[in-house]
Amino acid sequence: MVRSYQRYFSSMMLALVLCTACGTQPQQPTNATASEKITFQVPAISESAKNFYVVNDLGRNGYYQQKPIAELLGELATEVDIEFVVAAGDTHHFDGVGSVSDPLWVSNYENIYTHPELMLDWFAVCGNHEYRGNTQAVVDYTAISRRWNMPSRYYSRTVEAGENETALLLFIDTTPLIDKYRTDSETYPDAVKQDMEAQLKWMDETLKQSNAKWKLVMGHHPVYAETKKGISERTDMQSRVQPILDRNNVDAYICGHIHNFQHIRVPGSKVDYVVNSSGSLSRKVKEVEGTVFCSPEAGFSIVSMEDNKLTYFMMNGEGQVVYQFNREK
């Protein structure tokens, strides 16, 4: 992978300038000291597998569990070969960012995910909190940071999966697909400006044209989940996104937004619906129809791809595997 160090150093210089200007200092872990050794469980992963992290709902300026989990992500990556990071929305609470030079880029991201093993490509999408601010700045930060990668509001990548196969990853922009955001132009001014039908057509055609062994779709909002959030969020996603997933034999839809772990399977669909927990502050959860697993713990996930098997590991903030499942084909 070719790395543009000019972009990397530019992003770090921006971080230093912003820290000086606003007096920001790197946050220390809230439940551990720098001298304490981080312990964790190393998942059983094949040496031939290609692996990536899934993180989301991060932006708490290092508070709650954000900084300890960030350190854990880095330390675990010294034992597990991580190819890249998927940032599935809400990197910035609560009102997004105002520009590419907003100090939140430092306090929510650059000063938190500092471990050398996290100097990887981060493939990002917008969440609903980014849509409360300047969403174009989230895309444009790609030109500032060496590791932040968001070429457009929705996009795809084909990556290696195991030794001989590939995986198609679709990164979708879910906020404009949900009516509650599209109709609230005061709070979410950019949502209604997006062409929903164009994105849905692109999703369908991109999935249909791919010959990849695995097909994974990543977005911020769930299609199915247990939550107190308004049901219209899920029904809009079910009517607009689920038919595309089903007819194109998508293996898994991976999202965030709900701040807990959930794995749901619904009758009539072969898609694994996965909710990844918050990397900073989690919420309670209970079982509903279709629930295979759920947990209220904060954390992150590892997706491990092999030629004939895909394994999903849910990791809590203490570095323990709380759940895993496989898909084989």
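Keep in mind it's a predicted model, so treat the numbers as computed, not measured. (Residues numbered from 1 in each chain as written. Predicted model: local features only at pLDDT ≥ 70, side-chain atom pairs only at ≥ 80, totals over all residues. Heavy atoms only, no water.)

1. Here we look at the overall build of the chain
Counting its secondary structure elements, the chain contains eight helices and 14 strands. Counting the 329 residues in the chain, one finds 59% classified as buried. Look at the contacts in the chain between residues 6 or more apart in sequence, and 73% of them connect residues 24 or more apart. Accessible surface, the chain: about 13600 Å² in total, of which carbon and sulfur atoms supply 48%. (Helix = DSSP H or I, 4+ residues; strand = E, 2+ residues; numbered from the N terminus. Buried < 20%, exposed > 50% of the residue type's maximum accessible area, 1.4 Å probe, protein only. Contact = heavy atoms within 4.5 Å. Areas by Shrake-Rupley, 256 points an atom, 1.4 Å probe, with all protein chains shown as cover.)

2. Here's the deal with the pattern of salt bridges
Counting across every chain of the model gives 13 salt bridges. Between Glu110 and Arg147 there is a salt bridge whose closest N-O contact spans 3.3 Å. Remark: Arg147 occurs in the loop between α4 (135-140) and β4 (148-149) and Glu110 occurs in helix α3 (residues 104-110); sequence separation between them is 37 residues. Accessibility classification places Glu110 together with Arg147 in one group, the buried group. (Salt bridge = Lys/Arg side-chain N within 4 Å of Asp/Glu carboxyl O.)

3. As for the sheet that holds strand β6 (residues 165-171)
With mixed pairing, the seven strands of this open sheet are ordered in space as β5-β6-β7-β8-β10-β9-β11. Two strands lie at the open edges of the sheet, namely β5 (155-161) and β11 (291-295), each paired on one side alone. Across the sheet, the mean angle from the axis of one strand to that of its neighbour is 15°, orientation sign disregarded. Direction of pairing for β6 relative to strand β7 (residues 214-218): parallel, over a ladder of five bridges. Counterpart to Leu168 in the pairing with β7 is Lys215. Lying over the sheet, helix α6 (residues 196-209) contacts β5, β6 and β7, oriented at roughly 180° with respect to β6. (Pairing = 2+ DSSP bridges. Axes fitted to C-alpha atoms, helices over the stretch in contact; angles between N-to-C directions.)

4. A closer look at the environment of Phe261
On the secondary structure map, Phe261 appears in strand β9 (residues 261-264). On the basis of relative accessibility, which here comes to 0%, the residue Phe261 falls in the buried class. Between the C-alpha atoms of Phe261 and Ser277, which are 16 residues apart in sequence, the distance is 4.8 Å.

5. Some words on unusual backbone geometry
Glycine aside, a negative phi is what most residues show, and trans is what most peptide bonds show. A cis amide bond links His93 with the next residue in sequence, Phe94, at an omega value of 5°. Examined against the element boundaries, Phe94 turns out to sit in the loop between β2 (82-87) and α3. Despite not being glycine, Asp57 has its phi angle at roughly 50°, a positive value. Mapped onto the elements, Asp57 comes out in the loop between β1 (50-55) and α2 (66-76). Of note in this structure, Tyr64 is not a glycine but carries a positive phi near 55°.

6. So, the nonpolar core
By size, the foremost hydrophobic cluster in this structure holds 93 residues, and its most contacted members are Tyr53, Tyr113, Leu216, Tyr253, Phe300, Val303 and Met305. Contact partners of Leu216, with chain neighbours within four places excluded, come to Phe52, Leu168, Leu169, Leu170, Asp251, Ala252, Val303, Met305 and Leu310. (Core = buried A, V, L, I, M, F, W, Y, C linked by side-chain atoms within 4.5 Å.)

7. A word on the packing of aromatic side chains
On inspection of all chains with the given rule, the structure shows 19 aromatic pairs. Arranged with centres 6.4 Å apart and planes meeting at 70°, the rings of Tyr141 and Trp148 form a pair that is edge-to-face. Three or more aromatic residues link up through ring pairs in this structure, and these residues are Trp105, Tyr109, Tyr113, Trp122, Tyr141 and Trp148. Over the face of the ring belonging to Tyr109 we find Arg147, whose NZ or CZ atom lies 4.6 Å from the ring centre. (Phe/Tyr/Trp six-rings, centres within 6.5 Å; stacked < 30°, edge-to-face > 60°. Lys NZ or Arg CZ within 6 Å of the ring centre and 35° of its normal.)

8. Description of the pairing of β5
Relative to β6, β5 is paired through seven bridges, and the arrangement is antiparallel. When the bridges of β6 are listed, Val159 appears paired with Ala167. Between β5 and β6, which follow one another and run antiparallel, lie three residues, and Gly162 among them has a positive phi close to 75°.

9. Side note on the sheet that holds strand β12 (residues 299-305)
The sheet built from seven strands is open, its strands ordered β4-β3-β2-β1-β12-β13-β14 with mixed pairing. Of all the strands in the sheet, just β4 and β14 (321-328) have a single pairing partner and so form its edges. The pairing of β1 with β12 spans five bridges and is classified as antiparallel. Counterpart to Phe52 in the pairing with β12 is Val303.

10. Observations concerning helix α7 (residues 231-240)
In an α-helix there are 3.6 residues to a turn, and that puts residues three or four apart on one side. When α7 is considered as a whole, its buried residues turn out to be Glu233, Arg234, Asp236 and Met237. Here the buried residues of α7 occupy an arc of 160° about the axis, which is enough to place them on one side. Buried residues along α7 sit in contact with α5 (179-182), α8 (242-247) and β8 (252-255). (Arc of directions from axis to C-beta.)

11. Here's the deal with the confidence of the model for the chain
Here the chain shows a mean pLDDT of 91. Residues at 70 or above account for 89%. Scored below 50 in pLDDT, residues 1-35 makes 55 contacts in the model with residues more than four places away or belonging to other chains. (pLDDT = per-residue confidence, 0-100.)

12. Overview of the pairing of β14
Pairing analysis gives seven bridges linking strand β13 (residues 309-316) to β14, with the strands arranged antiparallel. Directly across from Lys309, in β14, lies its bridge partner Glu328. Remark: four residues form the turn of the hairpin made by β13 and β14, two consecutive strands paired antiparallel; Gly319 in that turn has positive phi of roughly 80°.

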